[in-house]
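# Observations on the three-dimensional arrangement
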Amino acid sequence: MTADADLRFDLGDLYAAYAACLDEARFDDWPGFFTEDCRYRAVPRENYDQGLPLATMDLQSRGALKDRVYGVTSTLFHAPYYQRHIIGPIRITARDGDTILVEANYLVIRTKRDVPSEVFNAGRYVDRVVPTPDGLRFAEKLCIFDSELIANSIIYPL
Amino acid sequence: MTADADLRFDLGDLYAAYAACLDEARFDDWPGFFTEDCRYRAVPRENYDQGLPLATMDLQSRGALKDRVYGVTSTLFHAPYYQRHIIGPIRITARDGDTILVEANYLVIRTKRDVPSEVFNAGRYVDRVVPTPDGLRFAEKLCIFDSELIANSIIYPL
Amino acid sequence: MTADADLRFDLGDLYAAYAACLDEARFDDWPGFFTEDCRYRAVPRENYDQGLPLATMDLQSRGALKDRVYGVTSTLFHAPYYQRHIIGPIRITARDGDTILVEANYLVIRTKRDVPSEVFNAGRYVDRVVPTPDGLRFAEKLCIFDSELIANSIIYPL
């Protein structure tokens, strides 16, 4: 089992670096955490639990992620806000060859200018992580968030 | 010290799986995280710090936990809500033979239907964990929460 | 890489113990987490990002930390509150000899008497950690918090 130690630490680093990338608003680096043919989705829990396909964001391929970054940084009109991800213990739920299924609870705190920090989005990641020559990457990242109320104000990736 | 690596990872998995069980509302699985003669308590910090015995929940034995689950799922009238546990770094504070004393800070975010997610309960776990043939289990779990204000609306386990 | 396992676990323990010290209000123990010639700063993110020197707290040397503790526990008039730190995955960002640069996101939940728990402060630690005969210690701890709004009500260390 200790043979897994490196993998465990690498997973911790992956999630910590992912959070840091978003929280420091280095959005151009965000697609680099994914494989070329990745899928990124943000889905309200109610829809997910009922098997409904609606997703607040559904991006397929790294190119689609880059498109989203372009939208976020260049075309979308929105009040800017800071994000702060707090990610709980990371759990390997299954393996399929080299592919690792990983889940973790997350909380995103939002801070708008001149407003106190507030709970913005809470949920869980259900991810498919694969090894690549550049290290671990997300082949699939699914953000299932508990409240559908804030869905239409999600500008930045979770 | 690295001899402990497996134990450390197993503890992380235990807490992550515990949180996932509650957050996915799989309450029937919840007693399975405990030993047969366990004790589960949720106590306001003010009472705990003063050594007062009052507990918001005080369940002794796995049977009592099953009773509580029956109450939660079948008899208690309450507005349903989602829970989301964010657990901080897990710390081994002492050992006594096979028994491990473990502490961790936790935050539970609550999401009611059609309401934004909100801080519900924050505190620390002070737990006694023991190895069993089925893996690590809680022989004792003590949830000491910082605010007594929400005590009477705690329906689900923390 | 597994050679780092002990260091990783020790770092996790350091941050968990640091949080527990503050959250249990054992302020007299707080300076003990730092080296003799340490520096502790709490800085709003906006100032940090612009390279502005203003800091909400800027303490140099362990003696200055002890002074602050004296102020907090003996001379400052303030409504007492509980703190609860939830710290996310800890990341080693660089090394320089024995010195380790470490970053981690944190969230502090505040609970005032008779008030529900609330988000108080969120941000990231940017720390310089060094080994000492007594274990890992902070040579520098920088708390960069996202909201400047609550700055003047920060009484206890973050």
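Scroll up for the structure.
Residues numbered from 1 in each chain as written. Chains lettered and ligands numbered in written order. Predicted model: local features only at pLDDT ≥ 70, side-chain atom pairs only at ≥ 80, totals over all residues. Heavy atoms only, no water.

### Details of the overall build of chain A
Helices and strands together make up the secondary structure of chain A, namely three helices and six strands. For chain A, the α and β elements follow one another from N to C terminus as α-β-α-β-α-β-β-β-β. In terms of overall dimensions, chain A is globule-like: its C-alpha atoms have a radius of gyration of 15 Å, near the 15 Å expected for 158 residues. Along the longest, intermediate and shortest principal axes, the C-alpha atoms of chain A span 50 × 35 × 30 Å. A total of 158 residues make up chain A; the buried ones form 56% of that total. Long-range pairs, those at least 24 residues apart, make up 57% of the contacts in chain A between residues at least 6 apart in sequence. (Helix = DSSP H or I, 4+ residues; strand = E, 2+ residues; numbered from the N terminus. Rg over C-alpha atoms; globule rule 2.2 N^0.38 Å. Buried < 20%, exposed > 50% of the residue type's maximum accessible area, 1.4 Å probe, protein only. Contact = heavy atoms within 4.5 Å.)

### Examining the relation of the copies chain B and chain C
Overlaying chain B on chain C yields an RMSD of 0.0 Å, the required transformation being a rotation through 120 degrees with an accompanying axial translation of 0.0 Å. Given the turn and translation reported, the copies of this chain are related as if by a three-fold rotation axis. Taking the C-alpha atom as reference, chain B places B:Gly88 closest to the rotation axis, 3.6 Å from it. A low fraction, 20%, of the interface residues of chain B reappear at the interface in chain C, so the copies pair through non-equivalent surfaces. (Least-squares fit on C-alpha atoms with pLDDT ≥ 70 in both.)

### Describing the interface of chain B and chain A
Each partner contributes to the interface: chain B provides 28 residues, whereas chain A provides 25 residues. Carbon and sulfur atoms make up 58% of the area that chain B and chain A hide from each other, which totals about 2,300 Å². Between chain B and chain A we count four salt bridges in total. Across the salt bridge formed by B:Arg84 and A:Asp146, the nearest N and O atoms sit 2.8 Å from each other. Our enumeration of links across chain B and chain A arrives at nine residue pairs in polar contact (both at pLDDT 80 or more). Within the residue set of the side of chain B that touches chain A, elements represented by two or more residues are α1 (5-23), β3 (81-96), β4 (99-112) and β5 (118-132) of chain B. (Buried area = accessible area lost by both parts, 1.4 Å probe. Salt bridge = Lys/Arg side-chain N within 4 Å of Asp/Glu carboxyl O. Polar contact = N/O pair within 3.5 Å; in protein donor to acceptor, adjacent residues only side chain to side chain.)

### Some details on the relation of the copies chain B and chain A
Of the two same-sequence chains, chain B is brought onto chain A (RMSD 0.0 Å, axial shift 0.0 Å) by a rotation of 120 degrees. Residue by residue, only 18% of the interface of chain B is reproduced at the interface of chain A, so the copies engage with different surfaces.

### Things to note about the side chain of C:Arg84
Looking at the secondary structure, you find C:Arg84 in strand β3 (residues 81-96). A polar contact is formed between the side chain of C:Arg84 and the side chain of B:Asn105, at a distance of 2.8 Å. Sequence-distant contacts of C:Arg84, that is, excluding residues within four places in its chain, are made with B:Arg45, B:Asn105, B:Tyr106, B:Ala122, B:Gly123, B:Arg124, B:Asp146, C:Asp23, C:Leu107, C:Val108 and C:Ile109.

### Section: the interface of chain B and chain C
Each side of the interface is counted separately: chain B has 25 residues, and chain C has 28 residues. Between chain B and chain C, roughly 2,300 Å² of surface is buried when both sides are summed, and carbon and sulfur atoms account for 57% of that area. Taken together, the connections running from chain B to chain C amount to four salt bridges. The interface formed by chain B and chain C includes nine residue pairs in polar contact (both at pLDDT 80 or more). When residues of the side of chain B that touches chain C are traced back to their parent elements, those giving at least two are α1, α2 (45-49), β3, β4 and β5 of chain B. Examining the composition of the side of chain B that touches chain C, we find that five residues originate from one element, β3(B), more than from any other. Taken together, the residues that form the side of chain B that touches chain C break down as 11 nonpolar, five polar and nine charged. (Nonpolar A, V, L, I, M, F, W, Y, C, P; charged D, E, K, R; others polar.)

### Focus: the pattern of salt bridges
Within this structure, the stated rule accounts for 54 salt bridges over all chains. Within the structure, one salt-bridge network assembled from shared partners comprises A:Glu24, A:Arg26, A:Asp29, C:Arg91, C:Glu103 and C:Arg124.

### Details of the sheet that holds strand β1 (residues 34-44) of chain B
Strand order in this open sheet of six strands is β2-β1-β6-β5-β4-β3 (chain B), and the pairing throughout is mixed. The open sheet has two free edges, formed respectively by β2 (57-60) and β3 of chain B, since each of these has just one partner strand. Each strand of the sheet is rotated relative to its neighbour by a mean of 20 degrees, with strand direction disregarded. One ladder, built from 10 bridges, connects β5(B) with strand β6 (residues 135-145) of chain B; its direction is antiparallel. Across the sheet, B:Pro131 pairs through a bridge with B:Leu136, a residue of β6(B). Along the sheet face, helix α3 (residues 62-75) of chain B touches β1 and β2 of chain B and points at about 60 degrees away from the line of β1(B). Where helix α1 (residues 5-23) of chain C meets the sheet, its contacts fall on β3 and β4 of chain B, and the angle it forms with β3(B) comes to roughly 105 degrees. (Pairing = 2+ DSSP bridges. Axes fitted to C-alpha atoms, helices over the stretch in contact; angles between N-to-C directions.)

### Structural notes on the sheet that holds β3(C)
Residue and element names in this part refer to chain C. Spatial ordering of the open sheet is given by β2-β1-β6-β5-β4-β3, a layout of six strands whose pairing is mixed. Both outer strands of the open sheet, β2 (57-60) and β3, are each paired with one neighbouring strand and no more. Shown here is a sheet whose adjacent strand axes are inclined to one another by a mean of 20 degrees, direction ignored. Two elements, strand β1 (residues 34-44) and β2, share four bridges in a ladder whose sense is antiparallel. Bridge assignment links Tyr40 to a residue of β2, and that residue is Leu59. With respect to the sheet, α1 is in contact with β1, β3, β4 (99-112), β5 (118-132) and β6 (135-145), its orientation differing from that of β3 by roughly 155 degrees. Contacting β1 and β2, helix α3 (residues 62-75) crosses the sheet at an angle of about 60 degrees to β1.

In short, geometric facts, not functional conclusions.
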